[in-house]
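Structural overview for review
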Amino acid sequence: MMKILSEPLSIEHLRMAIADLPETLKGTKITQLSDLHYDGLLLSDELLIQAIEASNQINPDLVMLTGDFVTRNPKPIHKLARWLEKLQSRAGIYAVLGNHDLEYSYSKAEITDALTNVGIQVLWNQVAYPLGKGLAIAGLPDFWSREFNPAPVMEQIDPNTPRIVLSHNPDSAEILQQWRVDLQLSGHTHGGQIVIPGVGSVPTWIYNSRDKIPEFFWPWIPFLKGKWPKVVRHWEWAQGLHQVGKNYLYVNRGLGTFPPGRWNCPPEVTVITLV
């Protein structure tokens, strides 16, 4: 099966200042992988192996996986889980599901079971404390899921406790401004996939230019009509670190891709150091 054009893997480093972080947790290292879309076409085994090895070389305290493990059919999760079992982490591997992981009524259970069976904890409206009570890890359902309801999750965390929130779709950052979020980790956008130097990602540029484009042409332009405005409302958050109100959001460019592929937007493993 022909693979979609990708680019060499990029390792991105982020030092993140967290208020009230216990002294014992300063220097904590987290790696983030996202949007694998493992189906034999959209992510090669070679790139997946490189990403796993890159994460392991960091010797992270935690590994975070932020959704879209498959594209539609959940069956590839079983092979993918055997690869992800090779990920190493001192205190655990945590995951949330993305919109593609919920494509069918049985997808959630099949993907969750496959990941759980290899030691990956899937958080669905749950909070975990793998490094102790000094840092909470909150995992939310996909933003488009009927079960996306952050209030009961966020409100069970002590307001003085630093927290990292895993939420696949970065648009959820808008709603999450109601609560303290020291760092939200998301994916979903693939970084825009096609990035023009000096202009930015093509989806971001098109969406931000919509007021200059006659509406008559919108049906023929991606990201302006039909489902595309729903895919990501905030294309300005397509990749990297952003401040949303008082909170911080980091959007990983992901590992998988969609046609026509990636250009100037390499797949990413993120290394986050808490300070």
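Worth saying up front: this structure is predicted, and the values here are computed from it rather than measured. (Residues numbered from 1 in each chain as written. Predicted model: local features only at pLDDT ≥ 70, side-chain atom pairs only at ≥ 80, totals over all residues. Heavy atoms only, no water.)

Another aspect to go through is the pattern of salt bridges. Tallying each qualifying case throughout the model produces nine salt bridges. Here Lys-26 ties to Glu-23 by a salt bridge, and the two come within 3.0 Å at their closest N and O atoms. Looking at Glu-23, the relative accessible area reads 61%, which means it is exposed. Residues Arg-180 and Asp-182 are paired through a salt bridge, measuring 2.9 Å at the closest nitrogen-oxygen approach. Classification of Asp-182 by relative accessible area gives buried; the value is 9%. Bridged by salt links that share partners, the residues Asp-20, Arg-163, Arg-180 and Asp-182 form one connected network. (Salt bridge = Lys/Arg side-chain N within 4 Å of Asp/Glu carboxyl O. Buried < 20%, exposed > 50% of the residue type's maximum accessible area, 1.4 Å probe, protein only.)

Topologically, Thr-270 is positioned in strand S14 (residues 268-274). The exposure class assigned to Thr-270 is buried, which follows from its relative accessible area of 0%. There is a polar contact of 2.8 Å between the side chain of Thr-270 and the side chain of Asn-252. A distance of 2.6 Å separates a polar atom in the side chain of Thr-270 from a polar atom in the side chain of Glu-268. (Helix = DSSP H or I, 4+ residues; strand = E, 2+ residues; numbered from the N terminus. Polar contact = N/O pair within 3.5 Å; in protein donor to acceptor, adjacent residues only side chain to side chain.)

For the rest of this paragraph, the subject is the sheet that holds strand S5 (residues 120-122). The strands making up a sheet are joined through hydrogen bonds of the backbone, oriented either antiparallel or parallel. Spatial strand order, S1-S14-S2-S3-S4-S5: six strands in an open sheet with mixed pairing. Strands with a single pairing partner mark the edges of an open sheet, and in this sheet they are strand S1 (10-16) and S5. The sheet shows a mean angle of 25° between the axes of neighbouring strands, taken without regard to direction. Summarising the sheet, strand S2 (residues 29-33) and strand S3 (residues 62-66) pair through four bridges and their orientation is parallel. When the sheet's bridge partners are listed, Thr-31 is paired in S3 with Val-63. (Pairing = 2+ DSSP bridges. Axes fitted to C-alpha atoms, helices over the stretch in contact; angles between N-to-C directions.)

Throughout the structure, instances matching the rule amount to two aromatic pairs. Ring geometry for Tyr-104 versus Tyr-106: centroids 5.6 Å apart, planes at 5°, classification stacked. Here Tyr-104 falls in the partly exposed class, since its relative accessible area comes to 38%. Taking relative accessible area as the criterion, Tyr-106 reaches 43% and is therefore assigned partly exposed. An angle of 85° between the planes, with centres 5.1 Å apart, marks the rings of Phe-143 and Phe-148 as edge-to-face. (Phe/Tyr/Trp six-rings, centres within 6.5 Å; stacked < 30°, edge-to-face > 60°.)

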